[in-house]
Every structure is written in structure tokens, then in C-alpha cells.
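These are the residues of each chain, in order.
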Amino acid sequence: MIPTLWYLILAATLFVIGAAGVLLRRNVLIVLMSLELMLNSVTINLLAFGHAQQDLRGQIIAIFVIAITAAEVAVALGILVALLRNKHTLEVDELTILKG
Amino acid sequence: MEREFFLLLSGVATISGLLVVVARNPIHSALALVACLVQIAAIYILLGAPFLAVIQIFVYVGAVMVLFLFVIMMLDVRKEAQTRYLRGAAWPGVIVLLLLAAELFALLIQSTRLHAVMGPGQPISQQPSVEDLSLLLFQDFLLPFEVASVILLVALVGAVVLARTDDKTAGVSADRSQQRGRQ
């Protein structure tokens, strides 16, 4: 029997690591992968609480999170390919097209 | 025995998660992310969700990470490995991260209401079956399920529209090059 707190600590650790990737790295691909890591840590939280309460709705929400993540990755990589075609850079600091 | 498995899996997941952020080469961090996602799938099995573990491996490792690897292979990775690694002004980000970590762990360890919600923890043997899960998904959550499928369709069309080359401009430039060739 594993205490729920252990799962939550693991999820918090992975979330902080993913946030470090989003905030500190310059490569857009690494930023997207760190985002995936953060989404997975949140899913661990959902499943841990669902397991602790013996409630299946945690798993249902996790299924939806995974489906929406797949959609998000497809759109994000499409934007990335279009961006590479036009700007020829992958560094987040140089992508300032939206700045007024 | 369960605790040893959990400690092993979470240790490997944390180390490979760190590798995702630390590695210079994007291919290395993609492979580290694959390792991390497989560990997380095993943790889902410990949490009594074998169906989600399979979904995790199919969708994340099978589809999402292969998509990432394709995009990485389309780029020039060697040039990327030589560029500057961190952002210029990293100190505000580090401070925000330290605050985030302190807040999360203080909340986890000290909050009594959270501990009341968590309960003592359940043994793994009490697993709900996949049949229960599918009944709940297709009875109570049928509308969100359909909405999710529509969102997937929209994302599919959006990705195709974003990633294709613009036909008009491509056709015009092709015509021009043909005219130049004739001249």
C-alpha cells in the first residue's frame, strides 16, 4: 500500500522539472516536450486522487487530458513547421512576430 | 514490494525528466522523455489504471513522440546543439521556479485539508475493471466524449492547413520560374 502523498510528491517534482524546461530553455521543441511532462504530472495527480477515493472519474478526466494533449501537439507541431519555413529559427527569444 | 517498485519507477522518471531539460541535443531529450513516459505508464498500473497505462504508451510514446522525432529529424540538429543553451536572463525564471517548488511542497506536506482528502491509501488489488470505466465513459460522459472527438477533428484539419505550403504563392513562383526559363 503506497501512501497517496508519495504520488503527489512525484507529480510535484515532475511538474517543477517541466516548468524549469519551459522557463529556462530556448529551444521551442524542448519547451513543448517540457509541456508534455507537466501534463503527465497533472495526470498522475488525477489518477492518485481517483485511486485514493475509489472513484473512476479521475481516470475519465485523464483520458480526456490525453486526447486533448494529442490534439494540442498536432497543432503545435504544425505551427512549428510553418514557423520554420518562414522564420528559420527555433529559439523562443527570436519569435517576436506578435510584438506590436 | 509495491513501495520498492514505486521508488524505482519514480527515481528513473525523475532522472529522465531532468535529462529532458538538461540535454543539449533535442534527440537526446526526446528519448529521455520517452523513457520518462514509460515509467509514468508503469506508475499508472500501480495506481490501478492499466487501461490508461496502455493508452499512455499508445498515444504518447507511439504517436506524440514519433511526431516530435519526425519534426526533429526535419531540422538541423547539429546547428541547434551549438547555439546558446539557456535564455539570456535566466535569474527571474530561477526565482519563479524556486517559489513554485517551495509553494507546492509546503502545500503537500503541511496542508491538513489535503491530507484529509487523501485518506490512508488503497491496496492495488482493489482495481475497477475496464468494463466499469467504459460504462461510465459512455453513459455519464458521452457528451464530453463526442466533444473531444470533434476537437480532435478540428486539430487534424488545423494541422493540415497550417503545415501545407500555400498553393497560390507556390504556383505563382513556379510560373515565374518557368517564364524565366523560357526567356
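The structure presented is a predicted model; accordingly, all values stated were derived computationally and were not measured.

Cut-offs and rules
Residues numbered from 1 in each chain as written. Chains lettered and ligands numbered in written order. Predicted model: local features only at pLDDT ≥ 70, side-chain atom pairs only at ≥ 80, totals over all residues. Heavy atoms only, no water. pLDDT = per-residue confidence, 0-100. Helix = DSSP H or I, 4+ residues; strand = E, 2+ residues; numbered from the N terminus. Phe/Tyr/Trp six-rings, centres within 6.5 Å; stacked < 30°, edge-to-face > 60°. Buried < 20%, exposed > 50% of the residue type's maximum accessible area, 1.4 Å probe, protein only. Contact = heavy atoms within 4.5 Å. Expected span 1.5 Å × (residues − 1). Arc of directions from axis to C-beta.

Visitor: Before we go on, may I ask you to explain the confidence of the model for chain A in this structure?
Guide: Mean pLDDT over chain A works out to 88, with 99% of the residues at or above the 70 mark. Of all the helices and strands in chain A, helix 3 (residues 57-87) of chain A carries the lowest mean pLDDT, 89, while helix 1 (residues 4-24) of chain A carries the highest, 93.

Visitor: Whenever I open this one, the packing of aromatic side chains confuses me. Can you help?
Guide: All chains considered together, the criterion is met by three aromatic pairs over all chains. Consider the rings of Y7(A) and F6(B), whose centres lie 4.9 Å apart with planes at 80 degrees: the pair is edge-to-face. Placement of Y7(A) in helix 1 and of F6(B) in helix 1 (residues 2-22) is noted, with the two residues assigned to different chains. The exposure classification of Y7(A) matches that of F6(B), with both residues buried. A ring pair is formed by F138(B) and F145(B), whose centres lie 4.9 Å apart and whose planes are at 70 degrees; its orientation type is edge-to-face. Judged by its relative accessible area of 43%, F138(B) is partly exposed. Grouped by ring-pair contacts, the aromatic residues W6(A), Y7(A) and F6(B) constitute a single cluster.

Visitor: Just checking my understanding: could you explain the environment of C36(B) for this structure?
Guide: Residue placement: C36(B) occurs in helix 2 (residues 26-46). With 14 residues separating them along the chain, C36(B) and V22(B) place their C-alpha atoms 14 Å apart. Dropping the residues within four chain positions of it, C36(B) is found in contact with L14(A), L37(A), A13(B), S16(B) and G17(B).

Visitor: Mind showing me how you'd approach helix 8 (residues 142-163) of chain B here?
Guide: Because an α-helix packs 3.6 residues into every turn, residues spaced three or four apart end up facing the same way. Helix length check: helix 8 of chain B (22 residues) gives 32 Å between terminal C-alpha atoms against 32 Å at 1.5 Å per residue, within 8%. Of all the positions in helix 8 of chain B, only A148(B), A155(B) and A159(B) are classed as buried. Buried residues along helix 8 of chain B cover an arc of 30 degrees about the axis, so they all sit on one side. Exposed residues on helix 8 of chain B whose side chains face more than 90 degrees from its buried face are L143(B), L153(B), V154(B) and V160(B). Where helix 8 of chain B is buried, its residues contact helix 3 of chain A.

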